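This is what each chain is made of:
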Amino acid sequence: MQESAIVFAAIGGVLGLLVGSFLNVVIYRLPIVLERQWAAECAEMAGKEIEEVPVFNLVRPRSRCPQCGHQVLWYENIPVISYMFLRGKCSACHAPIGIRYPMVEFVTGLLFFWSFWRWGLTPTAAAWSGFSAALLALALIDWDTTLLPDDITLPLLWAGLIASALRWTDVPLTASLWGAVAGYLSLWIIYWAFKLATGKEGMGFGDFKLFAAIGAWFGWQALVPVILMASVIGALVGIALKFSSGLREGGYVPFGPFLAGAGLTAMVFGPQSILRVAGL
């Protein structure tokens, strides 16, 4: 049994490395694809001619070095290994490659490894692996662009409800449904209360959808510990950035990465462990 668990976990880990490589593409390209779509829609509504642009999506064109345009070859795109082999530099111009690329691959592989270690080669392991990959992508997209794309948050929400209905998670469908409802409405109410009191927007609508998705995966009972952890860590990071002059223009910190981090913590340790750590 122990040997089979190790084999399943290893399969999950390798799959996670490959998925992590694709996540790097999603994190970088999806916001650009969406911005181009929005620009085209605005031009169409304004009756303007839509400008022809080269094809750019999650598949085309093939990955290239942003400095010299060198097309990344297949053996230069092996997760983690290629980065180590190239010593973190482009093979053509020797420009540095960001450390985040192999880190995303490694973390995704680790999360998949853990999921398949815990649940074996089952639909449950696949479901939670997909959950963790989506949260990781959302966290980094939001950190980079302050966007939480509906293309990921809404499928994640529906996937939580479907996984519950198929009993791939331990959350009853009723708890999953009300978790989604309560997750969305709770942040929606806070948003409008803050806006009416200050005239400012404290968060985006993507945060509502992400919290609803987390509620669908864990049930309504998990919402308090998740939002507690996200708020505390978000506040601490915001204070640290303020004192280090690291805040962006406007002095805000996106909330999505902290929601995603709390969701991943709840997946690994359980929602109630967050309350125990907080002494509640």
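Residues numbered from 1 in each chain as written. Predicted model: local features only at pLDDT ≥ 70, side-chain atom pairs only at ≥ 80, totals over all residues. Heavy atoms only, no water.

Student: I tried to follow the packing of aromatic side chains on my own but got confused; where do I start?
Tutor: The full count for this structure, using the stated rule, is 14 aromatic pairs. Consider the rings of Trp128 and Trp217, whose centres lie 4.9 Å apart with planes at 55°: the pair is tilted. Of this pair, Trp128 sits in helix H4 (residues 123-145) while Trp217 sits in helix H7 (residues 205-218); the two residues are 89 residues apart in sequence, bridging distant segments of the chain. Under the relative-accessibility criterion, Trp128 is labelled buried at 7%. Residue Trp217 is classed as buried on the basis of its relative accessible area, which comes to 3%. A ring pair is formed by Tyr191 and Phe205, whose centres lie 5.3 Å apart and whose planes are at 75°; its orientation type is edge-to-face. A residue pair is termed long-range when its members are at least 10 positions apart, and Tyr191 in helix H6 (residues 173-198) and Phe205 in helix H7 qualify at 14 residues. Accessibility expressed as a relative area gives 3% for Tyr191, which makes it buried. Judged by relative accessible area, which is 38%, Phe205 ranks as partly exposed. An aromatic cluster is built from Trp114, Trp119, Trp128, Phe131, Trp217 and Phe218, whose rings are joined through pairwise contacts. (Phe/Tyr/Trp six-rings, centres within 6.5 Å; stacked < 30°, edge-to-face > 60°. Helix = DSSP H or I, 4+ residues; strand = E, 2+ residues; numbered from the N terminus. Buried < 20%, exposed > 50% of the residue type's maximum accessible area, 1.4 Å probe, protein only.)

Student: Explanation requested: the pattern of salt bridges in the structure shown.
Tutor: Pairing between side chains of opposite charge can happen when their charged atoms approach one another. Taken as a whole and assessed by the stated rule, the structure comprises three salt bridges. Taking the shortest distance from any N to any O, the salt bridge between Arg100 and Asp144 comes out at 2.6 Å. Remark: Asp144 occurs in helix H4 and Arg100 occurs in helix H3 (residues 100-119); sequence separation between them is 44 residues. With relative accessibility at 34%, the residue Arg100 sits in the partly exposed group. (Salt bridge = Lys/Arg side-chain N within 4 Å of Asp/Glu carboxyl O.)

Student: So what exactly am I meant to see when it comes to the packing of H6 against H7 here?
Tutor: Between two packed helices, the angle of one axis relative to the other and the distance separating the axes together describe the packing. Between H6 and H7, the least distance of the axes is 7 Å, while the angle of their chain directions is 155°. For the element pair H6 / H7, the angle class is roughly antiparallel. H7 is crossed by H6, and the crossing has right-handed handedness. Across from Ala175, Ser176, Gly179, Ala180, Gly183, Tyr184, Ser186, Leu187, Trp188 and Tyr191 in H6, the residues of H7 making contact are Phe205, Asp207, Phe208, Lys209, Phe211, Ala212, Gly215 and Ala216. Of the residues contributing to the contact of H6 with H7, the split by class is 11 nonpolar, five polar and two charged. (Axes fitted to C-alpha atoms, helices over the stretch in contact; angles between N-to-C directions. Parallel < 35°, antiparallel > 145°, perpendicular 65-115°, else oblique. Left-handed = near helix turned anticlockwise from the far one by under 90°. Contact = heavy atoms within 4.5 Å. Nonpolar A, V, L, I, M, F, W, Y, C, P; charged D, E, K, R; others polar.)

Note that every value here comes from positions in space, so none of it alone points to a role or purpose.
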